[in-house]
Structure formats: structure tokens, C-alpha cells
Amino acid sequence: MDITLSENQYNLVYNSLSFVIASMGAALLFFLLVRNRVAPQHRMAVTLSTLVVGIALYHYVRIFGSWNDAFSYTNRKFVQDGRPFNEGYRYVDWLLTVPLLLAELVVVLKLAKVKTRSLLVRLSIAAVAMIALGYPGEIAASDSSARTIWAVASTVPFLYILFVLFVELGRSLDRQSDGVRKLLDVLRYIILATWGVYPVAYMLPSLMDNQANAEVARQVMYSLGDVLAKPLFGLLVLAIALAKSREDGYVEAGLVGAGSSDHA
Ligand code: RET
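Residues numbered from 1 in each chain as written. Predicted model: local features only at pLDDT ≥ 70, side-chain atom pairs only at ≥ 80, totals over all residues. Heavy atoms only, no water.

### Notes on the layout of surface pockets
Working step 1: Taken as a whole, the second largest pocket spans an internal volume of roughly 360 Å³.
Working step 2: Ranked by residues supplied to the lining of the second largest pocket, first place goes to helix α3 (residues 88-109) with five residues.
Working step 3: Its residues assigned to classes, the lining of the second largest pocket comprises 15 nonpolar, four polar and two charged. (1 Å grid on protein atoms, 1.4 Å probe; cavity = no way out; pocket = protein on both sides within 12 Å on 5 of 7 lines; lining within 4 Å. Points joined across faces, edges and corners; volume = space filled by probe spheres on them. Helix = DSSP H or I, 4+ residues; strand = E, 2+ residues; numbered from the N terminus. Nonpolar A, V, L, I, M, F, W, Y, C, P; charged D, E, K, R; others polar.)

### Section: the sheet that holds strand β1 (residues 4-5)
Working step 1: The strand order across the open sheet formed by three strands is β1-β3-β2, and the pairing between neighbours is antiparallel. Strands at the two margins of the open sheet, each flanked by one partner only, are β1 and β2 (72-74).
Working step 2: Two elements, β2 and strand β3 (residues 77-79), share three bridges in a ladder whose sense is antiparallel. Paired with Tyr 73 across the bridge in β3 is Phe 78. (Pairing = 2+ DSSP bridges.)

### Structural notes on the side chain of Thr 50
Working step 1: As for its placement among the helices and strands, Thr 50 is situated in helix α2 (residues 43-70).
Working step 2: Once you skip the residues sitting within four places of it in the chain, Thr 50 turns out to touch Leu 28, Phe 31 and Leu 32. (Contact = heavy atoms within 4.5 Å.)

### Re the packing of helix α4 (residues 113-138) against helix α5 (residues 145-172)
Working step 1: Axis separation between α4 and α5 bottoms out at 7 Å; the angle between their running directions is 160°. In terms of orientation, α4 and α5 fall into the roughly antiparallel class. Our pair here, α4 against α5, has a crossing hand that is left-handed.
Working step 2: In terms of residue class, the contact of α4 with α5 is built from 18 nonpolar, three polar and five charged. (Axes fitted to C-alpha atoms, helices over the stretch in contact; angles between N-to-C directions. Parallel < 35°, antiparallel > 145°, perpendicular 65-115°, else oblique. Left-handed = near helix turned anticlockwise from the far one by under 90°.)

### Quick notes on helix α8 (residues 211-247)
Working step 1: For α8, built from 37 residues, the straight-helix expectation of 54 Å at 1.5 Å per residue is met to within 8% by its first-to-last C-alpha distance of 52 Å.
Working step 2: Of all the bends in α8, the greatest, near 30°, is centred on Phe 233.
Working step 3: For α8, the capping residue at the N-terminal end is Asn 210, with a side-chain oxygen 3.0 Å from the backbone nitrogen of Ala 212.
Working step 4: At the exit of α8 stands Gly 249, carrying a positive phi of roughly 75°. (Expected span 1.5 Å × (residues − 1). Bend = angle between axes of the 7 residues up to and from the residue. Polar contact = N/O pair within 3.5 Å; in protein donor to acceptor, adjacent residues only side chain to side chain.)

### A word on the nonpolar core
Working step 1: Counting residues in hydrophobic clusters, the biggest one holds 74 residues, and the most contacted among them are Leu 5, Ile 161 and Trp 195.
Working step 2: The set of elements that each furnish at least two residues to this core consists of α1 (7-34), α2, α3, α4, α5, α6 (178-195), α7 (197-207) and α8.
Working step 3: Sorting elements by how many residues they give to this core places α8 first, with 13 residues.
Working step 4: Excluding anything up to four places from it in sequence, Trp 195 contacts Val 98, Leu 102, Met 130, Phe 158, Ile 161, Ile 190 and Ala 229. (Core = buried A, V, L, I, M, F, W, Y, C linked by side-chain atoms within 4.5 Å. Buried < 20%, exposed > 50% of the residue type's maximum accessible area, 1.4 Å probe, protein only.)

### Regarding α5
Working step 1: The end-to-end C-alpha distance of α5 is 41 Å, a good match for the 40 Å that 28 residues give at a rise of 1.5 Å each.
Working step 2: Val 164 marks the point of greatest bend in α5, at about 30°.
Working step 3: Of all the positions in α5, only Arg 147, Ala 151, Ser 154, Pro 157, Phe 158, Ile 161, Leu 162, Val 164, Leu 165, Glu 168, Leu 169 and Ser 172 are classed as buried.
Working step 4: Where α5 is buried, its residues meet α3, α4, α6, α7 and α8.

### A word on the packing of aromatic side chains
Working step 1: This model, assessed by the stated rule, comprises 15 aromatic pairs.
Working step 2: When the ring of Tyr 10 is compared with that of Phe 71, the centres are 5.3 Å apart and the planes differ by 80°; the resulting orientation is edge-to-face. One end of the pair, Tyr 10, is in helix α1; the other, Phe 71, is in the loop between α2 and β2, with 61 residues separating them in the sequence.
Working step 3: Residue classification places Tyr 10 among the buried residues on the basis of a relative accessible area of 6%.
Working step 4: Grouping aromatic residues by their ring pairs yields a cluster made of Tyr 10, Tyr 14, Phe 64, Trp 67, Phe 71, Tyr 73, Phe 78 and Phe 85. (Phe/Tyr/Trp six-rings, centres within 6.5 Å; stacked < 30°, edge-to-face > 60°.)

### Comments concerning the packing of α3 against α4
Working step 1: Their axes nearest at 9 Å, the elements α3 and α4 cross at an angle of 160°. In terms of axis orientation, α3 runs roughly antiparallel to α4. Where α3 crosses over α4, the two elements pack in a sense that is right-handed.
Working step 2: The residue makeup of the contact of α3 with α4, split by class, is 17 nonpolar, four polar and one charged.

Take a look at the structure:
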């Protein structure tokens, strides 16, 4: 359905998308610059974070372009009469990044090989199913029951992921040091809080009467969700990888003999 946005509504989405592009770009550079501070055996998690923000940077540039092409500016209003806004970029992005985000968490734990492989396979399949089942509902009309049906289908793998993270993974945390366990605990709650934003944003067009407001709120929530779920999550995974590197006695080559690790 074509919608008309006020200048403020249009710009709120425009600026949110722009903010995400800046955040992903900065995170990409940051993860590349700090990787040598992490011991080689813990670097895979940082590599995965780098890929995630790189993939998202590309997709947000495309989303930004699609947003600009979808509206024309007439009588101080933004009318959605251009090319259809492509919601697919978000879903392709999630299809790639959600399994990678889960893999970050799994590889930084350094569990037994068999356990790691089984977690990676099961969590990736569930993540792909969750995103793929959500998409048909996302592009369905806001007042159709298809939206709710696909949402329920997508919630099944979502709940499975939460079950694995909170129940199954909980048992493996005993083997981690106290400091690492605390960080892992925070990480799991960050997942719960930030991933919970997505289904709520998804339901807004069905819950709200004003479709212009619903569209703006949905785009802003997805965008903020992505900054919390990707760069912020990546920073916490980095903190865990650094804590583990310290526990393993790793000192970055350039800092050997420098006497302190406070160098920039
Ligand atoms: C959908 C459809 C409605 C039901 C549910 C959904 C869940 C989406 C989630 C997305 C997470 C995305 C992340 C992206 C970050 O990079 C697909 C909206 C449950 C949980 C973490």
C-alpha cells in the first residue's frame, strides 16, 4: 500500500539508516584493527563479527538507496509512488548474518569439537528457517491473516534457538572461568532483549491503524535492533575473546616487553 510521510517521518527513517551505515562501517574498521590483540586460537569469533558488520554495511547501503528511490517529494510530503521499497535486503542480510552471529557465540566458547559442530548445524538450520518463514508474512498485506500465520511458523525455530542458548548452553558454562561466565551471561540476555525487538517490529503494521507511523516505527526498530545485535554483540564477543586470550597468557607481539597493556 502506498503511504504518505511527513518530512519528519521520512527523515527519521533516512537518518536511522544513515546511522546504521556509519555504525557498521566503524565496527568493520574497529574489528579489523583490534584483531591482533586477540590470541590466534580465539580469533575466529572476531573474524565472524567482521564478516557480519561488512555484510550489513553493504545491505544498509542498498536499503538506503531503495528508501530514497521509493518516494517522491511533493507539496512538502513524501509520497511512496516510486520503485517499491525492497524489504528483501533485510531478509537476505539476516539469512547470512544470523547464523554467523550464533556461530560467534558458539566458537568463542571453545567447547569440544563434536559439541561445537552439532550446535553450529542445529542453530544455523533454525536461524535460516526462522528468517525464511518470516519473509512471506513480511511482504503480505498488513491486514491479511498470512502475516500472523507466517509469524507463528517463524516463532517455532525462534523458540528453539532460545531453548538451545538458555537451557542447553547453560550447562556448558560451568567449565568457563568466572569472568568469562559473567560476560557470556550478559551476552545471552543481550540476545534475548535485542532479538525480541524484531517480532514486535514485524507485528506493528497489523497492530497499528496509522500505516505511515507503523512503517516508520518498524524501519527504525529494525535498524536499531541491527546495531545492537551486530556491532554491540560483536564488541561483547570481542571482550570474551580478549579475556580468554589473557587467561591463556597471550601478549600481542608489538607489546612484548612494553611492561603494560595500556597502549593504544
Ligand atoms: C520474524 C518474523 C516474525 C516472527 C519472528 C521473527 C524473528 C526475527 C528475528 C530476527 C533477528 C535478526 C537479527 C539480525 C541481526 O543481525 C522473522 C521477524 C520470531 C529474531 C538478530
